[in-house]
Amino acid sequence: MSRLEAKKPSICSREPLPGGRAGASLAALRGLVASCYGPAGRLKQLHNGRGGPVAATSHSAALLAGLPVSHPVLKVLTAAVRSHVACFSDAGLFTAILCCNLVENVQRLGLTPTTVIRLNKHLLSLCTSYLKSEVCACRIPVDFGSTQILLSLVRSILTSKPACMLIAKEIDHISTLILRAFLLTIPENAQEHVILGKSVIVPLKGQRVIDSAVLPGILIEVSEVQLMKILPIKKSDSFKVAVFCVSLSGDLSDTGEGTLLVSYGVSLENAALDQLFNLGKQLVNDHVDLVLCQKVIHPSLKQFLRTHQIIAVDRIGVSLMEPLSKVTGTRPIGSLGSISPSSYGTVKDLCIAKFGCKHFFHLIPNKTTVCSLLLCNRNDTAWDELKLTCQTALHALQLTLKEPYVLLGGGCTETHLVAYIRNKTRNEPESILRGERCSQTELQLITEAFCSALESLAGSLEHDGGEVLTDGKYGHFWSVQANLPSAVNWPDLPSRCGCGLYSSQEELSWSFLRSARHPFPPQTCLSPEAKDSADTLTLDCFTAKLSGLQVAVETASLILDLSCVIEDTN
Amino acid sequence: MDCRVIKNRRHTGLQQLSSFAETGRTFLGPVKSSKFIIDEECHESVLISSAVRLLESLDLTSAVGQLLSEAMQAQNKTYRTGTSTLLFLVGAWSSAAEECLHLGVPISLIVSVMSEGLNSCIEEVESLQVPVHSVYDHIDSRETFSGLSVSLYPSLQIPSGTDLVQKEHDLKDVASQSLAFCRLSRRPVKSPQLFRLQARFEADENTSRTPQTVKNNLLADTRCRKSVLTHSRHFSRTDDHQWISKPGELLEQLSAAAPKTYRCSDLAELEVGLSHGDPSSMRLVAEAVWLQRQNAGLRRGSRAVLLPFDISRIFTCCLPGLPDTLSCVCPGYISVLSMSSATLIKELQNQPVRVVLVEGDLTESYRHLGFNKPTNIKTVSESVKVQQDSSEELWTDHVLQVLIKFNVNLVLARGNVSERLAEKCIDSKRLVIGSVHESVLQAFAEASGAVQVAYITHMNENCVGSGVSVTTWRSVPSDTVDGISRMTVVLKTEGINLVTVVLTSPVTAQMQTKEDRFWTCASRLYYALKEQKVFPGGGAVELLCLTHLQSLAGQSVNKGNQDCSGWLHNTSSWLASSAALYKPTVLKSLADGWHRYLSTLLRNTAVYSSDSEAATSVQRHLQNAADSGSPSSYILNEYSKLNSVILNSGISDKLEPIPRVYDVVTPKTEAWRRALDLVLLVLQTDSEIITGLAHTHRSSQESEGLLFL
């Protein structure tokens, strides 16, 4: 007799945010992401507590992917950040921290959500239109004629992830490699629509970072046993290539459900193998020099190809298929039937290379917009972090190519924006008040919440108990030691601002970040000579940070707008 | 699903690291004391004497423990040496980092000062590198061979001199068995004499040399081996030890072939120096190198590429139950078979045999990797008669037919072999050996012309190799477990690039240790020859690091220098400006790690009876080095006094000269970096995130200090 259990009613909790579990969880999440932020950020060890792999990371992608959260509010937040990171790679922690700060700051005010959302939106548009305008003093146009700014951008991204465990020399080496890898993906004769190639990151764990390298073309890892069977490569101007995405292992195609009856003496395996040999014969007749297969090639077919002087390499893996077909101009062959001649492609040269303890089959194509970044690091944990960081840097460079600007890093953009918004809302509130139908007080409260969210975001860069100052001229970020002895003339202490653009020799009136000060108009329009000192600057990706700002404000609005959470407990 | 955040209080991670590392303290240095690890539940125990094996046996399920074992395995996988150094330094430096934390140094500063400090050390010790050049030069020229009788070098200094004599007796018995093993009667350490340094211009490539003359020379060599050591450059060079520090200078001096310049130029010296208290393993390595050179000589003119020392073509065969003295090195492949094939092997002896190499299992059901066998296929047949033969029998018959057709008498398979097939093959005078390592198969493929096949039934004439000789070697005491008597067989072909090292030990529990030690020695020599440089060993480099760090710490106090490190280079953080304040403290803690390393090293070599005595000795040398004005030249001077351990004055009263100790370069510095990287990684970690646990699985007591998201 089956027993039926009544369904439990859903639980509906109203106003999830003030007090309650959501508030505490949100604070915990903020603490977690804020402690990872910046070059001095702390690392997190992620593991399952049962002997699974351990990751030590401060990268938002790794952190949030391994952080299963239970509360719906946090789920909304992490999902938003993760989708931002999926699109832009960079500025994930920035988005997460800013969003947490905004939610926490605003919900303390107790204003109606509609007003808050409207005003936040307005402040956001103030920020974005300023950042996109010509007068903006915290963005630098990128000159692709020199590598200075691009290198600084890559270096800033690399230094912001301490778990890569790089020393200064290694950071220089990897930054150069990343930039070179990026430049190799740009086609030489660029038309109206530039289609970028791809840099494939090839793992080589256990070796020294300094052994990393960039090579044009594709590296396919082959085992030593397989390598020994590869024929000595003959000299030729070009090699005809066939790429298979279907398995050539001699499997029977899916037999479906039920049982297949085969009469005695009939061998399906042999039939499948015969089919493969027919395919092999066609390849021989078509004078193919190289056969590459995503999956497995039957050893007997390999042997057949070998006797006909065809090089066969299998188990290439799905990730290399796209760049491979791009480089060779082949169309991956997906059937064992006859092959149309248009599927074949060519490569310019082949060779076998050994790096560390691994052997690689190196394909050098005619048109090189695909390159391989051979990435080394001492151990798996550090390698994983380095790989993520390199991907971020490569992506940031691509985004920079699209929108040729970079933002000042090291907290300076945030503090500068704060100065700009404070000044704007204080001096020209009428336009906002008229448009948004709200009171002056409401505007001041929201502005303060918004600005202090940005300020504490910038303050999150400090992890060792230092103090943060801003100046009264540029609105930049300055870091000083805490509890300075009063005898010291403290404004003289910081030597350069966070991004490295300004030095402290000028007359700047410093004040503590988050302390009350009179709003001032920060100097707009970056002076041309400031841009020349770009090789020592800390820079951020423009597109990623701008999107991060938007995602953070919009997600915060969404969370603040939640009025009840309905949970199905069944 | 939930995630918990554990806030680390008082850096438990670093404490865990130091306690893990403490267990491996005794493995540092040449004298290693073994440990028994006992499983309390199943009362099994293992004997271990290396840091890697120790960590394998420990329960390292905590996150920090896993990171430690990951670092150790990465080092072991890449270099096979330097793991005990790594483990010890992890311990020493995690205490150092903790000390800095107690003193209130900001974490970011500890990280950047320590990593730049170590980097500076690694740059500094480059000046101590000893170039290893041309140990192989002119090995093939006739000059070298004819000059053998006068070119004498000190033999390996094996502490227990009796060991050698015993071995010679033993080997003579064995050697009489077949010509193939006459080389074994060579004195084991003889080989290095071939690799004498000669000036470059003496090169006299003798292309007409045949293998025969090589053999003749060898015999001559063997006869002369008892000559007295008189005209050794090694001994007459006592007046002037000028060390080379700059590569450019080196080349100059090399071309001038100045006898005054110091470098490690003969293989014997290098091997002794790299044996690190394990002469018996290194002796085997030396022989393996010698045999490999021989083979290379035989293959000269063919397509073989000459590598300095091809470690991948060395194979070990462990024979527990035999006395230690039977350990030896043979060309070809040695395998242990059951006595049942004895008669077959006797028949196959004295004739070249045709061979097939199988790259997978040799069974009916074996399919290559990546082949998905459908499960829902059923074979039906009309008549009852044919069904009597199972498919395996049919397959076995088919394989036998193929073997008969191609006249193959030997099958080597990488995987398992069907028992039924093996029996049938023995009946038809064919030998099948399974579980053969892939490098062995590859060596046979190269030497015999065979092509590895996946399915023996698909092979053709091109796949068959020829010219393999099969000989019995000796019987092996029967395994106490199953009582089957076994024998060993030797397979080889002319010029095969494969050397088997037979390791024997009367104690089965020691077998693993012996094999590990052999490979450690082999890797050390491999890296020394590959990189063509070595460090002076016995603590010389570490002492220089120690003095260097101390002088760095002193400098930053005096000058308050501003050159900041790591990411602090380009940053304007307050940390950069206050770095000078903390730098001496951090560098001193880092140096303390070296200090502990050196005193433990001395303590473990049993020269000093107490830790404090060892520490005092380190301190004394440190003071001397600082006083001398140039620490590196002081260290080199001390080192060239031919003491085995630089800081060691206790055993210099012995009359015979003590050979120099060398160490490998990159594996060592990488071990340092890995150790520090691990410590800094743990130091920078502030939370542990445990994923994938449900609320209910933990008691309230456990969840103390956890945060829920």
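In the block above lies the structure referred to throughout.
Residues numbered from 1 in each chain as written. Chains lettered and ligands numbered in written order. Predicted model: local features only at pLDDT ≥ 70, side-chain atom pairs only at ≥ 80, totals over all residues. Heavy atoms only, no water.

A. Representation of the overall build of chain A within the structure. Of regular secondary structure, chain A possesses 17 helices and 21 strands. Taken over the C-alpha atoms alone, chain A extends approximately 90 × 80 × 45 Å along its principal axes. By residue count, 55% of the 570 residues in chain A fall in the buried class. Residue pairs in contact within chain A that sit at least 24 positions apart in sequence constitute 76% of those at least 6 positions apart. (Helix = DSSP H or I, 4+ residues; strand = E, 2+ residues; numbered from the N terminus. Buried < 20%, exposed > 50% of the residue type's maximum accessible area, 1.4 Å probe, protein only. Contact = heavy atoms within 4.5 Å.)

B. Region of interest: the overall build of chain B. The helix and strand tally for chain B stands at 22 helices and 18 strands. A burial count over chain B gives 55% of its 709 residues as buried. Considering only contacts in chain B between residues 6 or more positions apart, those separated by 24 or more positions represent 79%. Total accessible area on chain B stands at roughly 30,300 Å², and carbon and sulfur atoms take up 51% of it. (Areas by Shrake-Rupley, 256 points an atom, 1.4 Å probe, with all protein chains shown as cover.)

C. Representation of the packing of aromatic side chains in the model. Counting across every chain of the model gives 14 aromatic pairs over all chains. On the numbers, 5.5 Å between centres and 65 degrees between planes, the contact of Phe 277 of chain A with Phe 304 of chain A is edge-to-face. In this pair, Phe 277 of chain A is assigned in helix α9 (residues 268-285) and Phe 304 of chain A in helix α10 (residues 299-307), connecting sequence segments 27 residues apart. With 6.1 Å between their ring centres and 85 degrees between their planes, Trp 594 of chain B and Tyr 597 of chain B make a pair best called edge-to-face. A residue pair is termed a helical-turn pair when its members lie 3 or 4 positions apart in one helix, as Trp 594 of chain B and Tyr 597 of chain B do in helix α19 (residues 574-604) at 3 residues. (Phe/Tyr/Trp six-rings, centres within 6.5 Å; stacked < 30°, edge-to-face > 60°.)

D. View of the interface of chain A and chain B. Contacts between chain A and chain B engage 85 residues on the former and 81 residues on the latter. Around 7,000 Å² of area is buried between chain A and chain B when both sides are counted, 54% of it from carbon and sulfur atoms. Three residues stand out in chain A for area buried against chain B, namely Gln 45, Tyr 264 and Arg 378 of chain A, and they jointly supply 11% of the buried area on that side. Remark: the boundary between chain A and chain B carries 5 salt bridges. Ionic pairing is found between Arg 367 of chain B and Glu 269 of chain A, a salt bridge with its closest N-O pair at 2.7 Å. A total of 5 residues in the side of chain A that touches chain B trace back to one element, the largest contributor, which is strand β2 (residues 43-47) of chain A. (Buried area = accessible area lost by both parts, 1.4 Å probe. Salt bridge = Lys/Arg side-chain N within 4 Å of Asp/Glu carboxyl O.)

E. Spotlight on the environment of Asn 377 of chain A. Residues and elements named next belong to chain A. When you line up the elements, Asn 377 lands in strand β15 (residues 370-377). For Asn 377, a relative accessible area of 0% translates into the label buried. For Asn 377 and Thr 538, which are 161 residues apart along the polypeptide, the C-alpha to C-alpha distance reads 24 Å. The residues contacting Asn 377, other than those within four sequence positions of it, are Cys 164, Leu 204, Lys 205, Gly 206, Gln 207, Val 209, Ala 382, Trp 383 and Leu 386.

F. The arrangement of the sheet that holds strand β17 (residues 467-470) of chain A in detail. Residue and element names in this part refer to chain A. One open sheet holds the 3 strands; their spatial order is β18-β17-β19, and the pairing between them is antiparallel. Where the open sheet ends on each side, the last strands, each with one partner, are β18 (477-480) and β19 (511-512). Pairing of β17 with β18, which is carried by 4 bridges, proceeds in the antiparallel orientation. Looking at β18, one finds that Val 468 is bridged to Ser 479. (Pairing = 2+ DSSP bridges.)

G. Representation of the pattern of salt bridges in the model. All names here are of chain A. Tallying each qualifying case throughout the model produces 34 salt bridges over all chains. Residue Asp 464 pairs with Arg 42 through a salt bridge whose shortest N-O separation is 2.9 Å. A residue pair is termed long-range when its members are at least 10 positions apart, and Asp 464 in the loop between α15 (440-459) and β17 and Arg 42 in the loop between α1 (20-34) and β2 qualify at 422 residues. Arg 42 carries the same exposure label as Asp 464, and that label is buried.

H. Inspection of unusual backbone geometry at higher detail. For Gln 309 of chain A, which is not a glycine, the phi torsion comes out positive at approximately 60 degrees. Turning to its location among the elements, Gln 309 of chain A is positioned in the loop between α10 and β11 (311-313).

I. Just the pairing of β15 of chain A, in detail. Residues and elements named next belong to chain A. For β15, a buried count of 8 out of 8 residues is recorded, marking the element as mostly surrounded by other parts of the structure. Residues of β15 alternate between two faces, with Val 370, Ser 372, Leu 374 and Cys 376 on one and Cys 371, Leu 373, Leu 375 and Asn 377 on the opposite face, all of them buried. In this sheet, β15 lies alongside strand β6 (residues 213-216) in antiparallel orientation, the contact comprising 4 bridges. Across the sheet, the residue bridging to Leu 215 is Ser 372, located in β15.

J. Quick look at the sheet that holds β15 of chain A. Residues and elements named next belong to chain A. Ordered in space as β5-β15-β6, the 3 strands form an open sheet in which the pairing is mixed. The open sheet has two edge strands with one neighbour each: β5 (198-205) and β6. Within this sheet the neighbouring strands show an average axis-to-axis angle of 25 degrees, counted without direction. (Axes fitted to C-alpha atoms, helices over the stretch in contact; angles between N-to-C directions.)

K. Region of the structure containing the nonpolar core. Ranked by size, the top nonpolar core spans 121 residues in total, and within it Leu 98, Ile 174 and Ile 178 of chain A carry the most contacts. For this core, the element with the most residues is helix α4 (residues 92-109) of chain A, which contributes 10 residues. Those residues in contact with Leu 98 of chain A that lie beyond four places of it in its chain are Ala 453, Leu 454, Leu 457, Leu 549 and Ala 552 of chain A. Membership of the second largest hydrophobic core comes to 87 residues, among which are Val 90, Val 125, Tyr 634 and Ala 671 of chain B. (Core = buried A, V, L, I, M, F, W, Y, C linked by side-chain atoms within 4.5 Å.)

L. Region of interest: the side chain of Asp 540 of chain A. Residue and element names in this part refer to chain A. Structurally, Asp 540 can be placed in strand β20 (residues 539-541). A distance of 2.5 Å separates polar atoms of two side chains, one belonging to Asp 540 and the other to Lys 545. Contact partners of Asp 540, with chain neighbours within four places excluded, come to Leu 153, Val 406, Leu 407, Leu 408, Gly 409 and Lys 545. (Polar contact = N/O pair within 3.5 Å; in protein donor to acceptor, adjacent residues only side chain to side chain.)

M. Fine view of helix α11 (residues 321-328) of chain A. Residues and elements named next belong to chain A. Counting buried positions along α11 yields 6 of 8 residues, so the element is predominantly enclosed. Among the residues of α11, those classed as buried are Met 321, Pro 323, Leu 324, Ser 325, Val 327 and Thr 328. Positive backbone phi, at 75 degrees, marks Gly 329, one or two positions downstream of α11.

N. Representation of the packing of helix α11 (residues 267-274) of chain B against helix α17 (residues 511-531) of chain B in the model. Residues and elements named next belong to chain B. Running from amino to carboxyl end, α11 crosses α17 at an angle of 130 degrees, the nearest separation of the two axes being 10 Å. Judged by the inter-axis angle, α11 sits oblique to α17. Seen from above, α11 lies across α17 with right-handed handedness. Seen from α11, the contacting residues are Leu 267, Leu 270, Glu 271 and Leu 274; seen from α17, they are Arg 524, Leu 525, Ala 528 and Leu 529. Taken together, the residues of the contact of α11 with α17 break down into 6 nonpolar, no polar and 2 charged. (Parallel < 35°, antiparallel > 145°, perpendicular 65-115°, else oblique. Left-handed = near helix turned anticlockwise from the far one by under 90°. Nonpolar A, V, L, I, M, F, W, Y, C, P; charged D, E, K, R; others polar.)

O. Summary view of the pairing of strand β7 (residues 218-222) of chain A. Residues and elements named next belong to chain A. Among the 5 residues that make up β7, 4 are buried, leaving the element largely enclosed by the rest of the structure. Note that β7 and strand β14 (residues 358-364) share 5 bridges and pair antiparallel. When the sheet's bridge partners are listed, Ile 218 is paired in β14 with Leu 363.

P. Fine view of a negative patch on the surface. Residues and elements named next belong to chain B. A cluster of acidic residues, Asp 39, Glu 40, Glu 41 and Glu 44, forms a negative patch at the surface. Examined against the element boundaries, Glu 44 turns out to sit in the loop between β2 (35-38) and β3 (45-48). A relative accessible area of 54% means that Glu 44 is categorised as exposed. (Patch = residues over 30% accessible without salt bridge, like charges linked within 9 Å, V, L, I, M, F, W, Y side chains within 5 Å. Lys, Arg positive; Asp, Glu negative; His and termini not counted. Charge placed at Lys NZ, Arg CZ, Asp CG, Glu CD.)

Q. Representation of the environment of Ser 466 of chain B. Residues and elements named next belong to chain B. Inspection of the secondary structure puts Ser 466 in strand β12 (residues 465-476). Residue classification places Ser 466 among the partly exposed positions, given a relative accessible area of 40%. Counting along the chain gives 196 residues from Ser 466 to Tyr 662, while the straight-line C-alpha distance between them is 44 Å. If near-sequence neighbours (up to four positions away) are discounted, Ser 466 is found in contact with Val 353, Arg 354 and Ser 448.

R. Main features of the environment of Glu 462 of chain A. With respect to the element layout, Glu 462 of chain A can be found in the loop between α15 and β17. Among the residues examined, Glu 462 of chain A registers a relative accessible area of 17% and is labelled buried. Along the backbone, Glu 462 of chain A and Gln 391 of chain A are 71 residues apart, and their C-alpha atoms lie at a distance of 26 Å. With near-sequence residues (within four places) excluded, Glu 462 of chain A lies in contact with Val 468 and Ser 479 of chain A together with Trp 574 of chain B. Polar side-chain contacts of Glu 462 of chain A include one of 3.0 Å to the backbone nitrogen of Asp 464 of chain A.

S. The arrangement of the packing of helix α4 (residues 83-102) of chain B against helix α22 (residues 666-683) of chain B in detail. Residues and elements named next belong to chain B. As a packed pair, α4 and α22 sit with axes 8 Å apart at the nearest point and diverge in direction by 40 degrees. Considering their axes alone, α4 and α22 lie oblique with respect to each other. When you trace α4 past α22, the crossing you get is right-handed. Taking contact as the criterion, the partners of Thr 85, Leu 86, Leu 89, Val 90, Trp 93, Ser 94, Ala 97 and Leu 101 in α4 are, on α22, Ala 671, Trp 672, Arg 674, Ala 675, Leu 676, Leu 678, Val 679 and Leu 683.

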